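Commentary on secondary and tertiary structure
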Amino acid sequence: MATNNQGSRAAREAAAAARAAAKSEQKNRERKIQIIGGAAVLLVVAVLVAIGVHAASKNAGGVDSKAALPAGVTSDTYGVKVGSAWSATNADSIPKLELWEDFQCPACKNLEDSSGAVISGLSKAGKLRVEYRPTIFLDANLQGENTSNGNPDSSLESTMAFGCAVDSGKAAQFHTIVFANQPAEGKGYSFNTLSGFAQSAGISGTELTKFNDCLSSKKYNGWVQNSYAKFNAAGITSTPTGILNGKTVDNNVLYDPKALTKAIQAATK
Amino acid sequence: MKGFLRNPYAGLICRLSLAVVLLAAGGAKFFEGGFAAQRAINAYKVFPPSWAPFLGYALPGVEIVLGLLLLVGMFVRISSLITAVLMTGFIAGIISVWVRGYSIDCGCFGGGGEVSEAGKNLRYSKEILRDLLFVGLAIRLVVWPRTPFAFENLGKVSDDSPESEPVE
């Protein structure tokens, strides 16, 4: 039982020392592997951060400050302001309606079909400052369908065309015609279709040549991207979104011409 | 059942499946480009829009790092724990948009943003069940992190931990 002799005690001690040595070696080994793993993680993180920062700076607010802007468009919003109310002496007291739309968005067409007449009517009468704020987020969603229909990036193309029509002084007309003739979602707009819209909007002769050159040279690509960046920065995720004097209009009101008229009247100071 | 769960090869399958899921989801979002990821995040209306540009890269970036760690088998326990927490957060996000009545694409594997109401409940249910499965896989790995063919095994040749399984 407890009758240990010297020999077995020494053997036990030696074994314990060997175990301790093995254990410490094991610890070292484990630490080494953890350091390698940790270093690899840091490396991967550094690479991802570099890629992220590079990509983010490429569309940093998306803004290309040198982008050409259609007539009357300013870099604070990149929106297209239509109607005489903007230049009225009491412009600040006239309600302002910002409309975020994508030319490929069927719900935007529905809005134009229901409330479009009221909006353009009030705008023409100088009682409403309308600002069209273009976005092109559907290009990503519809990429496959657009491409297979031969009209890739149709939101971008149609919005660039809108910019060209602004230069011809036909912003409101072109806007109305695009939505009135919007094809089934995904079919997209070809160059000829958009050029046809321009003619229907009353652009002809040298103005039409200018429009076609403007569209085929993608003159307003930068402007459209800048407006799209504003859309994202504002955190808006669907279209149409109507903003009356800075407040988002409930869709039940926006789509209802009577309720919308009332809301606009109420917003008139 | 417990024996099956503890089986180191079951653990290997959990680890590699989670790795593939995380790398696919993180990679799709990280390299999507443009504003897609930001829009997906904004659609939840959980964080202020000003956070979206950061989160749009940070969330998928974290997923990629976790996916790589699980793929090679390094820091498995802590990576699985973070994965479980992250996935639980995603589930909470989906439940929150569901409760608030929004209809969005979760943007889990890229895409995202608002979508039509059609099939909304089924879609959310599927997404939540799928994420619950991922949480389950991750918890399995938190409890028994040792799996074959893991890089971290190189530092653990001896079976000093009582729960460790023989590893070839």
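Note that the structure is predicted; figures quoted are calculated from it, not measured. (Residues numbered from 1 in each chain as written. Chains lettered and ligands numbered in written order. Predicted model: local features only at pLDDT ≥ 70, side-chain atom pairs only at ≥ 80, totals over all residues.)

1. Describing the overall build of chain A
- The number of helices and strands found in chain A is 11 helices and 5 strands.
- In terms of overall size, chain A is more extended than a compact globule, its C-alpha atoms giving a radius of gyration of 32 Å where 269 residues would be expected to give roughly 18 Å.
- Considering only C-alpha atoms, chain A reaches an extent of 115 × 45 × 35 Å along its principal axes.
- The burial tally for chain A puts 37% of its 269 residues in the buried class. (Helix = DSSP H or I, 4+ residues; strand = E, 2+ residues; numbered from the N terminus. Rg over C-alpha atoms; globule rule 2.2 N^0.38 Å. Buried ≥ 20, exposed ≤ 12 C-beta atoms within 10 Å, placed from the backbone.)

2. Let's talk about the domain arrangement of chain A
- According to the domain assignment, chain A consists of domain 1 (6-58) and domain 2 (80-266).
- A C-alpha centroid distance of 60 Å is found between domain 1 of chain A and domain 2 of chain A. (Domains from an automatic or database assignment.)

3. Details of the pairing of strand S2 (residues 96-101) of chain A
Residues and elements named next belong to chain A.
- Extensive coverage of S2 is indicated by the burial of 5 of its 6 residues.
- Here S2 pairs with strand S3 (residues 129-134) via 6 bridges, running parallel. Residue glutamate 101 lies in a different strand from S3, and its bridge partner there is proline 134.
- Tracing the backbone out of S2, into helix H2 (residues 106-124) and back to the parallel element S3 gives a crossover that is right-handed.
- For S2 and strand S4 (residues 241-244), the ladder comprises 4 bridges, and the chain directions are antiparallel. (Pairing = 2+ DSSP bridges. Right-handed = clockwise from strand over helix to strand, strands pointing away.)

4. Digging into helix H7 (residues 191-200) of chain A
Residues and elements named next belong to chain A.
- All of the buried residues in H7 are Leu194, Phe197 and Ala198. The buried residues of H7 all sit within an arc of 100° when viewed along its axis, so they share a single face.
- Buried-residue contacts for H7 involve helix H5 (154-167), helix H6 (171-180) and helix H8 (205-216).
- Positive backbone phi, approximately 100°, marks glycine 202, located one or two places after H7. (Arc of directions from axis to C-beta. Contact = placed C-beta atoms within 7 Å.)

5. With respect to the packing of helix H2 (residues 8-30) of chain B against helix H4 (residues 52-72) of chain B
Residue and element names in this part refer to chain B.
- Look at H2 against H4: their axes get within 7 Å of each other, and the N-to-C directions meet at 150°. Considered as vectors, H2 and H4 are oriented roughly antiparallel to each other. The crossing of H2 and H4 is left-handed. Counted together, Arg15, Leu18, Ala19, Leu22, Leu23, Ala25, Gly26, Gly27, Lys29 and Phe30 of H2 and Tyr57, Pro60, Gly61, Glu63, Ile64, Leu66, Gly67, Leu70 and Leu71 of H4 form the full contact between these two elements.
- For the contact of H2 with H4, the residue count by class is 12 nonpolar, 4 polar and 3 charged. (Axes fitted to C-alpha atoms, helices over the stretch in contact; angles between N-to-C directions. Parallel < 35°, antiparallel > 145°, perpendicular 65-115°, else oblique. Left-handed = near helix turned anticlockwise from the far one by under 90°. Nonpolar A, V, L, I, M, F, W, Y, C, P; charged D, E, K, R; others polar.)

6. Focus on the nonpolar core
- Core analysis: the largest hydrophobic core is formed by 55 residues, its most contacted members being Leu128, Ala161, Cys164, Ala165, Phe174 and Ala198 of chain A.
- Ranked by the residues each element gives to this core, the list is headed by H5 of chain A, at 7 residues.
- Ignoring anything within four residues of it in the chain, the contact list for leucine 128 of chain A reads Gly83, Ala85, Ile94, Pro95, Leu97, Ile119, Leu122, Ser123 and Ile264 of chain A.
- With 36 residues, the next largest nonpolar core counts Phe75, Met87, Ile94 and Leu141 of chain B among its residues. (Core = buried A, V, L, I, M, F, W, Y, C linked by C-beta atoms within 7 Å.)

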